[in-house]
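# Survey of secondary and tertiary structure
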Amino acid sequence: MGDVAALEVRHRISLAGPAENAAAALAGLHGLVRVEGRGQRLDLAYDLRRVSLDSILTVVRLAGIAPKASMVARLHRAWIRFTDDNALSAATDPGHGCCSRPPKGR
């Protein structure tokens, strides 16, 4: 990636099928730092600048394995998307400098 540092995040998602098969399908995905499947749990570490949770789940679905459909699992994936989006936005925001400087004349 050149001079831009990686923005690595780690997450665990639940699947409705064997996570080992999903890990094998994800093995060559660009931006994936680490993937490990145990039972129906998939442990991931990936670079937000190169890959997203949705692209990872697309590959998993193409391998014939669905993410767990329970409400808790869906909320967890929504939380992951939210935090990933915030981390990526914070990393790419140039900032305005106003928040770290007190107002002048006070």
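In this report, we go over the structure that sits alongside the text. (Residues numbered from 1 in each chain as written. Predicted model: local features only at pLDDT ≥ 70, side-chain atom pairs only at ≥ 80, totals over all residues. Heavy atoms only, no water.)

### Let's talk about the packing of aromatic side chains
Geometry of an aromatic ring pair is reported as the spacing of the ring centres plus the angle between the planes. As enumerated under the stated definition, the model contains 1 aromatic pair in all. An angle of 35 degrees between the planes, with centres 5.5 Å apart, marks the rings of Trp 79 and Phe 82 as tilted. Of the two residues, Trp 79 and Phe 82 are both situated in helix α3 (residues 71-92); the distance of 3 residues between them amounts to about one turn of the helix. For Phe 82, a relative accessible area of 46% corresponds to the partly exposed category. (Phe/Tyr/Trp six-rings, centres within 6.5 Å; stacked < 30°, edge-to-face > 60°. Helix = DSSP H or I, 4+ residues; strand = E, 2+ residues; numbered from the N terminus. Buried < 20%, exposed > 50% of the residue type's maximum accessible area, 1.4 Å probe, protein only.)

### Digging into the environment of Val 33
On the secondary structure map, Val 33 appears in strand β2 (residues 32-38). When the C-alpha atoms of Val 33 and Leu 44 are compared, they prove to be 7.7 Å apart, with 11 residues separating the residues in sequence. If we skip the residues at most four places from it in the chain, Val 33 touches Glu 8, Ala 45, Tyr 46 and Asp 47. (Contact = heavy atoms within 4.5 Å.)

### Digging into the side chain of Asp 84
Note on placement: Asp 84 falls in helix α3. Of the buried charged residues, Asp 84 lacks a salt bridge, with Arg 81 as the closest side chain of opposite charge at 8.1 Å. Setting aside chain neighbours within four positions, we find Asp 84 in contact with Val 9, His 11, Tyr 46, Leu 48 and Leu 53. (Lys, Arg positive; Asp, Glu negative; His and termini not counted. Salt bridge = Lys/Arg side-chain N within 4 Å of Asp/Glu carboxyl O.)

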